[in-house]
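# Summary of the model geometry
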Amino acid sequence: MGVGLKGLSKPEIELMESESKVPGLWTLEKAVGFIFRWARKNSLWPLQFGTACCAIEMMATAAGRYDIARFGAEVFRPSPRQADLIIAAGTITEKMGYALKRLYEQMPKPSWVIAMGSCTIAGGPYYYDSYTVVKGIDSFVPVDVYVPGCPPRPESLLHGLMAIQKKIEDEPIFRRRRNA
Amino acid sequence: MTDLLLSQIKPGGESPFGTDEYVVNMGPQHPATHGVLRLVVKLDGETVKETMPVLGYLHRSIEKICENRTYPQCITYTDRVDYVSAMSVNLAFALATERLMGLEAPPRAQWLRMIFVELQRLASHLLWMGAFAGDIGALTPFLYGLRERERILDLFEMTCGQRLTYNYIRIGGVMIDILPEFIPKCKAFLDYFEPRIVEYEELLTYNPIFLERTKGVGVISAEVGINSGVCGPSLRGSGVSCDVRKQQPYLFYDQVKFTECLQNDGDCWARYRVRMDELRESISIVRQCLERLEPGPIETKLPPILKAPPASEIYSRIESSRGEMGIYLVGDGTAKPYKAKYRCASFSNTFVLDQLTRGWKVADIMAVLGSLDMIVPEVDR
Amino acid sequence: MTNEELKSKIESDFKDKILSVVLSGQKEVLVTVKPEAYIALCRDLKTKPDYDFQHLSCLTAVDYPKENKITVVCHLWSYKKCHQLTVKLDVDRANPKAPTVEPIWKAANWFEREVFDLYGVVFEGHPDLRRIMMPEDYAKFPLRKDFTDDGFIIKPN
Amino acid sequence: MGDQIVQWVAGLLRQAYAMLGLSPIAGILDRIVCAVAMFGFVSVFVMFLVWMERKVSAHMQSRIGPNRVGPFGLLQTLADAVKLTTKEDVHPVKRDKIPYFIAPILAFVATFMGMVVVPFDNKVVVADLNIGVLYIIAITSFTVIAILSAGWSSNNKYSLLGGFRSAAQIVSYEVPLVLSIVPIIMITGKLNFSSIVQYQQQAGYWFVVPQFVAFFTFIASATAEANRAPFDIPEAESELTGGFHTEYSGVKFAMFFLGEYVAVVVSSAVAATIFLGGWLPLPFFGFLHLPGFIWFMAKVLFIIYLIMAFRWTFPRLRVDQLMDFGWKVLIPITILNILITGFVVLLLGKGA
Amino acid sequence: MLEQYGYVLVFLLAGIFFILGAFITGWVLSPNGLLGVKYKYKKEIMVDTYECGVETYGTSWIRFNVSFYLYALLFVIFDIETVFLYPWAVSFKQLGMNGFLEMIVFIAILLVGLAYAWKKEALKWE
Amino acid sequence: MGAIFTYFKNILTGFWNLLLGLSVTTKYLFKKTNTQQYPEEKMPLPARSRSMIKLIYDGEKDQFNCVACMMCAKACPNSCIKLEGVRGPDGKRRMTTFKLDFSTCIFCGYCVEACGFDALTFVSEEYENSVYKRGSLLQDEQAMKWNRPAHLAPKPEEPAKVEAAPAGAKA
Amino acid sequence: MTLTLFYILAGVIVASALLVVTVRNLFHCALALAMTMFGISGIYLYLGWEFLAAVQVLIYVGAVTVLIIFGIMLTRRVMDDTARVMNNQVLISFVAAAAVMFVLFMVVGNSSFQSNNHPPEAAVSAPVNETQNPEPSAPYVDEVALLAGGLLKPQNGFAFAFEFVSVLLLSALVGAVVVARKDPS
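Residues numbered from 1 in each chain as written. Chains lettered and ligands numbered in written order. Predicted model: local features only at pLDDT ≥ 70, side-chain atom pairs only at ≥ 80, totals over all residues. Heavy atoms only, no water.

Turning next to the interface of chain A and chain D. Each partner contributes residues to the interface: chain A has 31 residues there, and chain D has 32 residues. Here chain A packs against chain D, burying approximately 2,600 Å² in sum over the two surfaces, 55% of which is carbon and sulfur. Together, A:Trp38, A:Arg70 and A:Arg81 form the three largest contributors to the area buried by chain A at its contact with chain D, with a combined 24%. At the surface where chain A touches chain D, the tally comes to four salt bridges. Close ionic contact of D:Lys87 with A:Asp84 constitutes a salt bridge, the shortest N to O distance being 2.7 Å. Joining chain A to chain D, the criterion identifies 18 residue pairs in polar contact (both at pLDDT 80 or more). Among the elements that take part in the side of chain A that touches chain D, helix α2 (residues 27–42) of chain A stands out by supplying six residues, more than any other. Here the side of chain A that touches chain D is built from residues that sort into 16 nonpolar, seven polar and eight charged. (Contact = heavy atoms within 4.5 Å. Buried area = accessible area lost by both parts, 1.4 Å probe. Salt bridge = Lys/Arg side-chain N within 4 Å of Asp/Glu carboxyl O. Polar contact = N/O pair within 3.5 Å; in protein donor to acceptor, adjacent residues only side chain to side chain. Helix = DSSP H or I, 4+ residues; strand = E, 2+ residues; numbered from the N terminus. Nonpolar A, V, L, I, M, F, W, Y, C, P; charged D, E, K, R; others polar.)

Set out below in C-alpha cells:
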C-alpha cells in the first residue's frame, strides 16, 4: 500500500517533484543544501506530545526494542521551540485541537507533523457518533505523513519517520532566485 | 478559543513580604501529565495553594458511541477506555454483559481471562513504575519497564494479534485459544521477570532521593480516601482492604491463592510499594492459572444477535490495574445498550489530587499524580 | 448480608423515604427514593453501621425521554460488609434539579459535575458546578437521547 | 612530552609570523591562535560528549542510541548542531530584548573562559594563573547572571521559575564547591593548578585518597553547579517543561546546550586536576609512557561518565530538598572536613 | 602577570565573537532569515508566549519569593567567609596552630549563624 | 548525640543505596541490547498479527473470494467497509466494489472473523503503511488484492476453526 | 598600550555606572551594575592584584548582583514602568553624593597605589613558551600570602578585627533571618 520507502508510487513522485523541485535554486543550495538536509533528516527532535493510545506506542518506539534514538530522534523536547516534529499520537478532540494548532504554530520552521493512528488521521473509531473528536487533524495543522493503524506498530511509526526523512530530501533550503 | 476558566480566576492578593500568588498552567501538552490532563495551579512562591485539574481534553464520547453500537462492537471501544490496561476493561464489559444476559463463560475461557488480565496488570504496573520514576526525574526505570513490557506484549500479540487494543476478551468467552507455545513462553517470561523486580527495587525503593521525594508526600488517610472515592492500589496504600478480587470475587479469583497488598502510610512511597508487591502477586496468580488451565471450549454459544432483556440493568465491578472498574449497563431489549457508563478508577483517583497537593511544592504535584497512576482517557473517556 | 436480606431490611427501615425497592433480574437491590428524602436516605445509608455504605462507587444518570424523566443513579458499596446498593432518583426532564450528595461523599463532586455536563441535571448546593468535560461555553447536553449536533456528528448510513 | 609539542607548534607559529611579517604583533596573534584552537577543541569535545551521553544513556537503558550518521553515529551531534543553526530563530514578542540576547552569549562565554586555566599536560596550559582555582570559581559565577537573564527576559512563567530556582541553586552550591577545595589548598599552599599537580607528583599520592570526602562533595556540588540531574530542577522537564531556556530556539538554544556541557568539562577538568592528579599516569601504569594529555583526558572522561551516570540513574530532588542538601549536608560536611584536615596536617607537621 | 590575563581577555572577546558569528550564520541560513525559505504562518501566535498550548494568563514578571532573597543573602555571607578562607588556606602551614585556632573561631561564629538560621527554619524553602 | 549519629548514618546508607542504583545501570551499560534495528532487521511477527486487511484473490479462478454477503460491513463497529455485489450469470453473488477506509479502520478483526467465505484476511507483514496523502488510505479492491501464497492456504482438515479464528491466524 | 587599557576600562566602568542610575528597567540596571563590577575587577588586574580581582568578580558579580536581582523581584513589580528616575529627594541626594565623592577623592588622593605588575611591555611580544613559564623579572609579591599574614599574624594587630568581621557577618545573617522569617502571628 501507499509508499514503500524503496520507491514512492509513481504519481506521488511526480507530484512531489512538481511541488518541490524548484528549477532555479541558488548554487549555494546545490553546494551546501545536502548538508542541511542531511542534518535535518537525522536530527528530528519530536515534541513531547501524546494524547492517547498511540502515545504508548510512541513510548514503546523510544524504548529499547525499537529505539527511535537510532535515527537521532530520541530527544523528546517538552517545548515546541526546540522541536522539529509533532507526532500527533492519539485522539485529538476539538478542545485539544486548538492547543495542537497553537503548539504547531509555535514551533520554529521548518517543522513537520506525523498523524499517527486512525484517530488523528480521520477520527478513527470516533468518526461516527462522536460529539467531540476532530475528524482528522488536517483541519487544524498541515500533516506531512499519515501512519494508519489503531495504534500503529512501532515499526510503522519508524516507517513514517523515514517517510518524513524522505520528504525532507525534496524540500528547498534557500529562497528561490527572484526571477527564476 | 477563549479560555473561560482562566478568566474566572481572580488575581491573587498581595502579602507585604510575600509573593504574588500566581497561576501556572500545566498542560494540556506537558511532559508530566500523562497525556492531556491540564492542571491550573495557583502558586504562592513554590507552594501550591490550589490545583485545578481541567478535564475533557480527551473526552471522546465513548459512552455516547456505545449507545449506538451492539454489545460485541462495544468491546472494541472498551479497549480504548484504558489503553494501558485494555484487557481489564474488555473483561469488565464482557462480564457486565454476561451478567446482564445471564451467560457464563466456560472454565477454560475464565482461566485464560485471568492469565491475560494479570499479565496486563504486570504490563500496566510496569508502565506506571516507569512513568512514576520519570515523573520524579529518573528516566532509566521507564525504559526498563517498557523493555519488560514489550515481552508481555509479545505474548499478547502472539495470542490475539494486537499490542495494545486487543479486543480479546469477548462476551461469553475469549476471542481465540492460546497457541501451544504460549505456556512455555509465558513461564519463561515469568522466570525472567521476577529477578528484574529486584533491580527496580535497587534502582528506586531505597534510593535516598526517591525516599525524599515520596516518603510522607501526598498522604491519603484511609477516611479521606474512602470518602473521596479513591480506589485500587492507591487506596490500599492507605491500608484499606478494597480489592474487588477479594471482596466480590469474579472469574476464579476465589480459587487461587494471593494476598491483598496493603501498606499503612498512605503516601506516595506506600502506593509505590503496593504496586511493586502486586507485581509479585500477579506473577504468582499467573503461575497458578497456568497450572490449572485445562482443555475445553473457549466460548459459549451466543445467539446471532445479542439482545439484553428489557428494562434490565447491571452494575458490575472488577479490579482493573488502576482500581475499581465499574460498568453500568442498562438494557432495553435491543441489541444496543441503552446506557453504558464506565466508572473508571482514574476518574475518582484524580479528584483527590487537589486535596493531596495543597501546601506542598510544585514538584510534589508530579510525584502525587504519578503515584495515583492516572490515565487520562479513563478520566475523560 | 445477602441482597434479599438487604432488600427487606431497607423496606422496613426506610418505608417513608422510598418509593420502591426491588431485586432486579440480576439480583441487585434497586431503591427508588422520594426526591425530598434523597439526602436523608443517603446519609443514613452511609452512617448507619448496618448499611455502612462508605464508598460511592459511581454516580450517573440515565435519560428516559419517553417517561419525561432523568434518573440519577448512585451505586454504593460497603468495604466492610461487602454489599452493594443502587439508589435511584427521578428528576423532571424539563427542569432537572437534584440535591447534591457531595457533603456526604466527596467523591460525588466530579461525578455530579459530569452528570451536569452531559445531562444537564443541576445539583443544588454543589460547591463547584461547572462543565467538566465539554468546553465551558458549550450549550448542549450530549448524553441526552435527543441530543443532536448536525454540524459535528456524523452518523453512519 | 606535551610541552615539546607545544614548543614545536610555537616554533612553527613563530616561523609563520616571520614569513608573513607579523612578528611585531606575535603576542596578540598567539593569544588569538590559542583562543581559536581552544574553541575548536571545546566544540569538538562537546560534540563528542553529547554523543557519548546519548550512547551511554542508551546502553544503560538497553538501547543502542544514535547509529545512523557516521560510524557509531559519531556525527549525530554535528547533525544536531547544523540543524539547530538552520532552524528558525523565534523571538517571543513579549521578551525583554537585551537580556534575552546576551543570556546565551554569557552562558557560553563564562564557561569558555574557564578553559583558560585547564592544564592539559605539564606546561600545556593556555595561562597558568597564580590564582587558577579562584579564577575558575569566579568566572563561572557569570553563569548565574546568564541564567537569571534568560529566565527573566523570556517572560514565560516556566522560564522565570526555572531561572530563579537555578540561580538560587547555583549560589547555594557554590559555597560547598568552594569549601571542598579548601583542604587541598591547605595541604599544597597553592592556588595554581600546575603546582597542585606537582605536589601530588612529589607526594606520590592523589588527593582523592586522603580527601575522598572533599572529592565527593566537589562532584556533587559541581553537578549541581552545572544544573545536571539529579540537581536539574531548573530544567526539570516534568515540572517546568524546560526551565529557563523554554523560549529559546535554534542557535540560541544550542548555545545554552554548549554552555552546559562546557561547564561540565570545566568542572571535570578541575576535579581531575585537583583530586586525580591531572596529567600524572595511573599508578602502576607509568610504564606505558603515554603523553600526560591522554591521562588527563581519560580522567576527565571518567568524571564526566560519573556525572552522566548520575543523571541517568537517580531521580530528581525537589527544590527545597535540594537546598536542604546543599546547606544542611554539604556545607557542614565540607567545613568539618576542613577542620579535620587542619588538625591532621598540623599534627603531621609537628611530628615530622 | 598581566600578559597572562591577556589570554583571558582574548578568550572573552573570542567567545563573544564566536557566538555572534554563530548567531549571524544562523540568521543567514535559517528559514525566514536572509537566505532561507520563507514560510508562511501566523506570526502573532508564533511569537506569543508558550504555555503548554493555551493562551497565557497574566504576566510572568511577578513579585517573587522571599526565600530566594534569603538564600542570596546567606550566599553573600558565606562567600565572603570563603574569600577569607582562601588566603588562610594558602598560608596555612606558615601560620601554624595559631592561625588555625583563629580560623576555627572565625568559622565557629559563622556556624553559629548557620545553626541559628537552621533552627529558625530560615533555610526552609517556600 | 543520637541525632548526630543518625545524621551521619543517613548520609552513609543513602550513599550506599546510590551506589547500588549506579551498579544496576552500569551493569546494563555493558550488556548486550535487544534492539531490533528496524529497517534492516525486521522482527518476525506472529502469524496472528493484525497489521493490514487484505482481500484474498483466487489466482486459479481469477476472482476474489468475496461474495458480498455484507457480514463484514455489518460486523464493523466503525462502518468503514463499503461493498457492493451483483448476482453473476452463474447465479452466485460476486463482489464488484469493495472499499475499506483505513483512516478509520481500528483493526479489531471483527470483519475477518465474520467472513464465512475466506475472503478477508490479516496480513502480518504489511505494516509499512505510511502515506503522504490521506486519500490513499481509502483503499479499493485492487489495492487490497492479495494473492495468498500456497503455504498460507487453509488446510482442509481443520475447517471447524474458521469461525473461531481470524483467517490470518491459520498460518 | 597599558594606559589605553586603563582608559578603556575606566570608560566601561563610568558608562555602565551611568547606565545603572539612568536606565528605568531595574533588571537592566542590575546587569549594568554587574558590568561595572566586572570593569572594576579589570582595574584590579591592571594593577596586578589578581586575588582582589577574582574576589571582586566572585563576590560582586556572582553574589551581590544576584542578591540585587532577587531583591528587585522581591520588592516591587518590576515591569510597571511607573518608577521615576528622579524623585523629590534629588537635591539632598545630590549633596550627599557630592560629599561622599569629596571624601573619596581625599582618601584616593592620599593613598599611594602600588602596582604588583611586571613590566608589561616585555611580555606582549614574548614567545609562547616563555609566557607559559613565567619567570618573574620583577619582584612579585604573593598577595594571597601577604593578605593572610597581614590578617592573621597576631603581630600585625588585625587578628581581632578579622574575628570581628565574622561577628559582623553573623549579625548580618541573623538580621536577614529575622527580617525574612515570616511572623508566626
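Next comes the rest of the description.
The next thing to look at is the sheet that holds strand β2 (residues 29–33) of chain C. All names here are of chain C. Taken together, the five strands give an open sheet; going across it, the order is β1-β2-β5-β4-β3, and neighbouring strands pair in mixed fashion. Both edges of this open sheet fall to β1 (18–23) and β3 (55–64), since each of them pairs with a single strand only. Ignoring which end each strand starts from, the neighbouring axes of this sheet average 20 degrees apart. Relative to strand β5 (residues 84–92), β2 is paired through three bridges, and the arrangement is parallel. (Pairing = 2+ DSSP bridges. Axes fitted to C-alpha atoms, helices over the stretch in contact; angles between N-to-C directions.)

Moving on, we come to the confidence of the model for chain A. Residues and elements named next belong to chain A. Averaged over every residue, the pLDDT of chain A is 76; residues scoring 70 or more account for 80%. Low pLDDT, under 50, characterises residues 1–10; the predicted model gives this stretch 26 contacts beyond four residues in sequence or across chains. Under a pLDDT of 50 for its full length, residues 12–25 has, in the predicted model, 20 contacts with residues more than four places off or in other chains. (pLDDT = per-residue confidence, 0-100.)

Let us look at the pattern of salt bridges. Applying the stated rule across the entire model yields 58 salt bridges over all chains. B:Arg163 serves as the salt-bridge partner of A:Glu57, at 2.7 Å between the closest nitrogen and oxygen. Here B:Arg163 lies in the loop between α6 (140–160) and β4 (169–170) and A:Glu57 lies in helix α3 (residues 53–62), a pairing that spans two chains. On the basis of relative accessible area, A:Glu57 is assigned to the buried category, the value being 1%. A residue is classified by how much of its surface remains accessible, and B:Arg163, at 2% relative accessible area, is buried. B:Asp191 is the partner of B:Arg287 in a salt bridge, and the nearest nitrogen-oxygen pair spans 2.6 Å. With B:Arg287 in helix α12 (residues 268–292) and B:Asp191 in helix α7 (residues 182–203), this residue pair connects regions lying 96 residues apart in the sequence. Of the residues examined, B:Asp191 reaches a relative accessible area of 48% and is grouped as partly exposed. Here the salt bridges share partners, and the residues they tie into one network are B:Glu118, B:Arg121, B:Arg236, B:Asp243, B:Arg245, B:Glu278 and B:Glu319. (Buried < 20%, exposed > 50% of the residue type's maximum accessible area, 1.4 Å probe, protein only.)

Looking now at the interface of chain E and chain D. Every contact between the two is made by 64 residues of chain E and, on the other side, 83 residues of chain D. Joining chain E to chain D, the criterion identifies zero salt bridges. Element by element, the count of residues in the side of chain E that touches chain D is highest for helix α1 (residues 2–29) of chain E, at 20 residues. Partitioned by chemical class, the residues of the side of chain E that touches chain D number 45 nonpolar, 14 polar and five charged.

What follows covers the environment of C:Arg130. Residues and elements named next belong to chain C. Within the secondary structure layout, Arg130 lies in the segment after β7 (122–124). Residue classification places Arg130 among the buried positions, given a relative accessible area of 19%. Arg130 sits 83 residues away from Thr47 along the chain, and the two C-alpha atoms are 29 Å apart.

Further remarks concern helix α11 (residues 250–275) of chain D. If you check α11(D), its first and last C-alpha atoms are 37 Å apart, about what 26 residues at 1.5 Å a residue would give, namely 38 Å. In the segment just after α11(D), D:Gly277 is the residue with positive phi, at about 75 degrees. (Expected span 1.5 Å × (residues − 1).)

Now for the environment of D:Leu148. Along the chain, the position of D:Leu148 falls in helix α6 (residues 142–153). Spatially, the C-alpha atom of D:Leu148 lies 8.9 Å from that of D:Gly162, the residues being 14 residues apart in sequence. The residues contacting D:Leu148, other than those within four sequence positions of it, are D:Gly163, D:Phe164, D:Ala167, G:Phe27, G:Val66, G:Ile69 and G:Phe70.

Residue and element names in this part refer to chain D. In the contact formed by helix α4 (residues 97–114) and helix α5 (residues 132–140), the axes pass within 8 Å of each other and the chain directions differ by 175 degrees. What the angle tells us is that α4 and α5 run roughly antiparallel. Facing α4, whose interface residues are Ala110, Met113 and Gly114, α5 presents Tyr135, Ile136 and Ile139. For the contact of α4 with α5, the class distribution of residues is five nonpolar, one polar and no charged. (Parallel < 35°, antiparallel > 145°, perpendicular 65-115°, else oblique.)

A few words on the packing of aromatic side chains. This structure, assessed with the given rule, holds 65 aromatic pairs over all chains. With 5.2 Å between their ring centres and 50 degrees between their planes, B:Phe347 and C:Phe111 make a pair best called tilted. Residue B:Phe347 is located in helix α13 (residues 345–351), and its partner C:Phe111 is located in helix α3 (residues 108–119); the two belong to separate chains. Like B:Phe347, the residue C:Phe111 is buried in the burial classification. When the centroid spacing of 5.6 Å and the interplanar angle of 65 degrees are considered together, the rings of G:Phe6 and G:Tyr7 count as edge-to-face. Residue G:Tyr7 is classed as exposed on the basis of its relative accessible area of 54%. Ring-pair connections join several aromatic residues into one group, and the members of that group are D:Phe41, D:Phe45, D:Phe48, D:Trp51, D:Phe120, D:Phe293 and D:Phe296. Over the ring of C:Tyr64 we find C:Lys69, and its NZ or CZ is 5.2 Å from the ring centre. (Phe/Tyr/Trp six-rings, centres within 6.5 Å; stacked < 30°, edge-to-face > 60°. Lys NZ or Arg CZ within 6 Å of the ring centre and 35° of its normal.)

Another aspect to go through is the nonpolar core. In this structure, B:Leu119, B:Tyr168 and C:Leu59 are the most contacted members of the largest nonpolar core, which totals 251 residues. Ignoring any residue separated from it by four or fewer positions in sequence, one finds B:Tyr168 in contact with B:Met87, B:Asn90, B:Leu112, B:Phe116, B:Thr159, B:Cys160, B:Val174, B:Met175, B:Ile176 and B:Ile178. Counting residues in hydrophobic clusters, the runner-up holds 198 residues, among them D:Leu129, D:Leu148, D:Ile219 and D:Val345. (Core = buried A, V, L, I, M, F, W, Y, C linked by side-chain atoms within 4.5 Å.)

Let us now look at the state of the cysteines. Tallied over the entire structure, the rule returns zero disulfides over all chains. Among the cysteines around A:Cys150, which has no disulfide bond, A:Cys119 carries the closest sulfur, lying 5.2 Å off. F:Cys105 forms no disulfide, and the closest cysteine sulfur to it belongs to F:Cys80, at a distance of 4.6 Å. Judged by its relative accessible area of 4%, F:Cys105 falls in the buried class. (Disulfide = S-S within 2.5 Å.)

This part is about the pairing of strand β2 (residues 112–116) of chain A. For a regular strand, side-chain orientation follows a simple rule: the groups alternate between the two sheet faces. All names here are of chain A. In terms of burial, β2 is largely enclosed, as five of its five residues are buried. By the alternation rule, side chains of β2 split into Trp112, Ile114 and Met116 and Val113 and Ala115, which are all buried. Looking at chain direction, strand β1 (residues 85–89) and β2 are connected through five bridges and run parallel. Residue pairing in the sheet places Ile86 in a bridge with Val113 of β2. A crossover links β1 with its parallel partner β2, the connecting element being helix α4 (residues 94–106), and its sense is right-handed. With three bridges joining them, β2 and strand β3 (residues 145–147) adopt parallel strand pairing. From the neighbouring strand, Ala115 faces β3, where its bridge partner is Tyr146. (Right-handed = clockwise from strand over helix to strand, strands pointing away.)

An α-helical segment advances 3.6 residues per turn. Residues three or four places apart therefore align on the same side. Residues and elements named next belong to chain E. Taking 1.5 Å of rise per residue, the 28 residues of helix α4 (residues 92–119) would be expected to cover 40 Å, yet its terminal C-alpha atoms sit only 32 Å apart, more than 12% below that figure. Maximum bend of α4: about 70 degrees, positioned at Asn98. Remark: Glu121 follows α4 within two positions and exhibits a positive phi of approximately 60 degrees. (Bend = angle between axes of the 7 residues up to and from the residue.)

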